Amino acid sequence: MKLPSTIRPRVSDRTQNRYRPSAPENRSFHRIRNAIAAAALVGSSATIVHAQAGLDALIERLGEAQVPTGAGVIVGMVEAPTSAGNYMPNANHPELSGAELIAMSGSSGASGHATTVARNFFGSVLSIAPGIPTAHVWETNDWIQGGGLKVGQGTSAAPAAPPGGLRIVNHSWIGNVGNFNNEAIRRADFAAARDQVLFVVGLNNDPDQVPLLGHMYNAISVGVPSGNHATGDTISGIDGPGRMKPELVAPGNLTSWSTPVVSAAGALLVETAKTDPALAPHRADALRIDVVRAVLLAGADHQEGWSNQPVTSGPQRGVTSRPLDETFGAGHLNIDRSHRILTGSVVDGVGQPLPEKVAGHAGWGRAELTTGQSRSWRFHVAEDAEEVSILAAWNRTFGANFNTPSSQVTTLTLWRVDERGELASLVGAGGEGFFASGNVVSQSTVDNLQHLYLVDLKAGEYVLEAARNDLFGGSRELAVAWLFPEPPDDGDPGIVGDLNGDGV
């Protein structure tokens, strides 16, 4: 079956070099000089990417020997073909010599676009995850059809299972398959949730939204820090119109290059989840894609001008139904902040309105809710907090097959614990004097995430509530991640054994 597809990478790609060793070069003076200049340029670019992605801060905090590299994390790439039909990275590129590249869609020459994506994803110089050992690579049309999603083959044909151990797939391409767009997105969401594989997808470099794959629910869509990417909501004709995209921005001047930086960050978190001894009791949950999505988004930098459009005065002050910034999503990728969250305290939501256990300043947890239920987390803010970031994320779920999707509606609210030990609203006048700006309620009815971001939150006790209020049946799960300022180090040794600083 041939779909009416329009699939392309985000930049022109005229590379047609074959997937074979290059001929020996005459090492003349000008070739050596140019090679040195090129190496300096690449090194400079890598330095910028590493700093902007938060890797330098992670190295400074942990020490270089302790920083994850993506070691042991199996990944994938889906690449649009060049005019010559090539879709594979150049295996002879010196930055890619440490990774095994597996062609999943037949033999191929080298694609310049795929090579640059791979360098940003797992290359030894550019990437923040140079330890990734193996990458499976598909050509887009094959992956959409028989080699992956199996679009157009009927409900009895489920998406193909991924290769063993695959955890992340990068999609630096855009596409439109006409009447099959919605089916393709449903199948992709179904496969991501079924196989617990994180899809990281780039948006169009032009203002207009393109359905594939930026309109997925169970993925992270990526833009660039300049804002020169598609913005605005998901379009009509696709499930859940009006959802906000992108979810994240990352270093790069084109989305094809920023997308693999986020994929690489995901690989660092996956490696950490698999190897950190403190996460051993929570390993299965830490590897879930809703958790990884929540941790990456909650850790994002909210740069100057970021806003999720909360009401700024009156009785609804602090409420928003638009959880993300219109252009920058949750903000700019920061792997150091996200690593702090993943390796912080792990506290699942509880049913009582005022939990006894206090969660640490950075951490995550999960909750399971039926319609009408709430789950809560308690926080102690030792001194005024310059900023607070909290994000809840959940997967779109499916019934018998990919054609029966639904997404829960869950509201996120931050409450203050008053002097009597009771919950007090921070909405409207109740929040005046307790936070300078931001939102304490996120109540989108279409997005499969909610986000609270506060500036200058006063010291005190607070409770986070996730309340489900949709009409779908059954129990649904969500992940919550948070980042409060680190408690002050005043020389007090605190409680013996209090490893995560939560006062317990």
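Reference entry: report on the structure contained in this document.

Conventions and cut-offs
Residues numbered from 1 in each chain as written. Predicted model: local features only at pLDDT ≥ 70, side-chain atom pairs only at ≥ 80, totals over all residues. Heavy atoms only, no water. Axes fitted to C-alpha atoms, helices over the stretch in contact; angles between N-to-C directions. Helix = DSSP H or I, 4+ residues; strand = E, 2+ residues; numbered from the N terminus. Parallel < 35°, antiparallel > 145°, perpendicular 65-115°, else oblique. Contact = heavy atoms within 4.5 Å. Nonpolar A, V, L, I, M, F, W, Y, C, P; charged D, E, K, R; others polar. Core = buried A, V, L, I, M, F, W, Y, C linked by side-chain atoms within 4.5 Å. Buried < 20%, exposed > 50% of the residue type's maximum accessible area, 1.4 Å probe, protein only. Pairing = 2+ DSSP bridges.

### Focus: the packing of helix H2 (residues 55-62) against helix H9 (residues 335-342)
Then comes step 1: Their axes nearest at 7 Å, the elements H2 and H9 cross at an angle of 50°. Of the possible angle classes, the one that applies to H2 and H9 is oblique. Across the interface between the two elements, Leu55, Ala57, Leu58, Arg61 and Leu62 of H2 pack against Ile335, Asp336, His339 and Arg340 of H9.
Then comes step 2: Across the contact of H2 with H9, the residue classes break down as 5 nonpolar, 1 polar and 3 charged.

### Brief notes about the nonpolar core
Then comes step 1: Counting residues in each nonpolar core, the largest one holds 92 residues, and the members touching the most others are Phe122, Trp143, Phe199, Met216, Leu333 and Trp364.
Then comes step 2: Top element by residues in this core is helix H6 (residues 255-275). It accounts for 10 residues.

### What about the pairing of strand E24 (residues 476-483)?
Side-chain direction in a regular strand flips from residue to residue, so the side chains alternate between the two faces of the sheet.
Then comes step 1: For E24, the tally of buried residues reaches 7 of 8 residues, placing the bulk of the element in the interior.
Then comes step 2: Summarising the sheet, strand E13 (residues 362-369) and E24 pair through 8 bridges and their orientation is antiparallel. Counted as the bridge partner of glutamate 368 is glutamate 477 from E24.
Then comes step 3: As paired elements, strand E15 (residues 385-393) and E24 share 5 bridges and run antiparallel to each other. Looking across to E24, one finds that leucine 391 is bridged to alanine 481.

### What to know about the sheet that holds strand E7 (residues 198-202)
Then comes step 1: Pairing is parallel in the open sheet, where 7 strands are placed in the order E3-E4-E2-E5-E7-E8-E9. Both outer strands of the open sheet, strand E3 (100-103) and strand E9 (248-249), are each paired with one neighbouring strand and no more.
Then comes step 2: The strands touched by helix H3 (residues 112-122) within the sheet are strand E2 (74-79), E3, strand E4 (134-139) and strand E5 (166-171), with E2 carrying the most contacts at an inclination of about 155°.
Then comes step 3: Contacts from H6 reach E5, E7, strand E8 (219-223) and E9, with the element oriented near 170° to E5.

### A word on the sheet that holds strand E22 (residues 449-457)
Then comes step 1: Spatially, E11-E13-E24-E15-E22-E20 is the arrangement adopted by the 6 strands of the open sheet, whose pairing is mixed. Each having just a single partner strand, strand E11 (345-346) and strand E20 (435-438) make up the two edges of the open sheet.
Then comes step 2: In the sheet, E11 pairs with E13 via 2 bridges, with the strands oriented parallel. Each residue of the ladder has a partner; that of serine 345, found in E13, is glycine 363.

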